[in-house]
Amino acid sequence: MATNPVPRLARRPGAVLVDLAGVLHVGEQAISGAVDALARLRAAGLPLRFLTNTTRTPRRTLVAKLQRMGFTIAEDELQTAPHAAQQLVRERGLKPLYLVHPDLAAEIGPSAEAPDAVVMGDMGPHLDYAQLNAAFRLLMAGGAFIAMAKNRYFMEEDGLSLDMGAFVTGLEFSSGVTAEIVGKPAASFFHTALAELGVAPADAVVIGDDLHDDVGAALAAGIPAILVRTGKFRPGDDDAPDVRPTLVADDLADGVTRLLALA
């Protein structure tokens, strides 16, 4: 039995929230038909936001990369997990120890000299034991734990790669401190984007390739969701018993065609 509600998609949505990696592109390559599909969404006048848990790349660099692939995307349309983390840090007046990729360091800023929180992103090959142990000790001393995301894996051009969820879970296990997730699958990540657009959750749609962190999270947040069979999609995801997408599409182009066919 499905554990998530399945909001209906009976009419054309008032806004579309689109995942990036695995939906628009894989690595440096646009997915076939995705550039044209996005252009068709814009031509139909549907308000758009692009959501990503990518925490290795600054927002400006990511937008430039997508533009080179042929996508028309503005920086203020892109909502990232690092940006959500920065907002939370400012709101709570935290002094973080940042575990972030070197490419993101300039956008995020330096760690505090006397930190009271761990803020973790995906460091890729730059993460080592000393950094994990410093974070562990801070958590054991009572520090807060904020994770930009908790994804299991992502798709690169040469195949699936381990994502930061394994390391977040490891720190949670050892310290006994549960991380507060600010990117997907947090409902607030989706709702913030929709609040900016002035669209209610039930009147929007999310398009993603991750059954749990895109589709399942959107459904739990009261938003209809389309699962595409690209990116990290694995055979059987479209028939999983615990998460039932509102719609399953072969790719973004197929999903857009079916969305625009709605009244």
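The shown structure was predicted, so the numbers you read here are calculated from the model rather than taken from an experiment.

*Asks:* Would you take a moment to explain the overall build of the protein chain for this structure?
*Replies:* Summing up its helical and strand segments, the protein chain has nine helices and 14 strands in all. In terms of overall dimensions, the protein chain is globule-like: its C-alpha atoms have a radius of gyration of 18 Å, near the 18 Å expected for 263 residues. Across its three principal directions, the C-alpha atoms of the protein chain cover 55 × 45 × 40 Å. Buried positions account for 51% of the 263 residues belonging to the protein chain. In the protein chain, once contacts between residues fewer than 6 apart in sequence are set aside, the share between residues at least 24 apart is 65%.

*Asks:* Where do I start with unusual backbone geometry in this structure?
*Replies:* What is expected of a backbone is that most residues other than glycine have negative phi and most peptide bonds are trans. With an omega of 15°, the peptide bond running from Lys184 to Pro185 counts as cis. Within the element layout of this structure, Pro185 appears in the loop between β11 (180-181) and α7 (187-197).

*Asks:* Looking at this model, I keep getting lost on the pattern of salt bridges. Mind explaining?
*Replies:* Pairs may arise between side chains of opposite charge once their charged atoms sit close together. Applying the stated criterion across every chain yields a total of 17 salt bridges. Close ionic contact of Arg11 with Asp203 constitutes a salt bridge, the shortest N to O distance being 3.1 Å. Of the two residues, Arg11 sits in the segment before β1 (15-19) while Asp203 sits in the loop between α7 and β12 (204-208), which places them 192 residues apart along the sequence. Residue class for Arg11 comes out exposed when judged on its relative accessible area of 53%. A relative accessible area of 32% means that Asp203 is categorised as partly exposed. A salt bridge links Arg60 to Glu75; the nearest nitrogen and oxygen atoms lie 3.7 Å apart. Separated by 15 residues along the polypeptide, Arg60 in helix α2 (residues 59-68) and Glu75 in the loop between α2 and β5 (78-80) bring together distant segments of the chain. With a relative accessible area of 62%, Arg60 lands in the exposed category.

*Asks:* So what exactly am I meant to see when it comes to the environment of Leu138 here?
*Replies:* One can find Leu138 in helix α5 (residues 129-140). Expressed as a C-alpha distance, the spacing of Leu138 and Ala117, which sit 21 residues apart in the sequence, is 7.2 Å. Leu138 has contacts with Leu97, Pro115, Asp116, Ala117, Val118 and Gly143, leaving out every residue within four places of it along the chain.

*Asks:* Explain the packing of helix α1 (residues 34-43) against helix α9 (residues 252-260) to me, please; I cannot follow it from the model alone.
*Replies:* Running from amino to carboxyl end, α1 crosses α9 at an angle of 25°, the nearest separation of the two axes being 8 Å. In this view, α1 runs roughly parallel relative to α9, as classed from their interaxial angle. Remark: the crossing between α1 and α9 carries left-handed chirality. Here α1 contributes Ala34, Ala37, Arg40 and Leu41 to the contact with α9, which in turn contributes Leu252, Ala253, Val256, Thr257 and Leu260. Classifying every residue of the contact of α1 with α9 gives seven nonpolar, one polar and one charged.

*Asks:* What is the right way to read helix α6 (residues 165-175) from this model?
*Replies:* Think of an α-helix as turning once every 3.6 residues; residues three or four places apart then point the same way. Looking at α6, one finds that the buried residues are Gly165, Val168, Leu171, Glu172 and Ser175. Here the buried residues of α6 occupy an arc of 130° about the axis, which is enough to place them on one side. Packed against the buried residues of α6 are β7 (117-120), α5 and β8 (144-147). Directly after α6, the chain includes Gly176, whose backbone phi takes a positive value near 80°.

Rules behind the numbers
Residues numbered from 1 in each chain as written. Predicted model: local features only at pLDDT ≥ 70, side-chain atom pairs only at ≥ 80, totals over all residues. Heavy atoms only, no water. Helix = DSSP H or I, 4+ residues; strand = E, 2+ residues; numbered from the N terminus. Rg over C-alpha atoms; globule rule 2.2 N^0.38 Å. Buried < 20%, exposed > 50% of the residue type's maximum accessible area, 1.4 Å probe, protein only. Contact = heavy atoms within 4.5 Å. Salt bridge = Lys/Arg side-chain N within 4 Å of Asp/Glu carboxyl O. Axes fitted to C-alpha atoms, helices over the stretch in contact; angles between N-to-C directions. Parallel < 35°, antiparallel > 145°, perpendicular 65-115°, else oblique. Left-handed = near helix turned anticlockwise from the far one by under 90°. Nonpolar A, V, L, I, M, F, W, Y, C, P; charged D, E, K, R; others polar. Arc of directions from axis to C-beta.

Just geometry here; none of it tells us what the structure is for.
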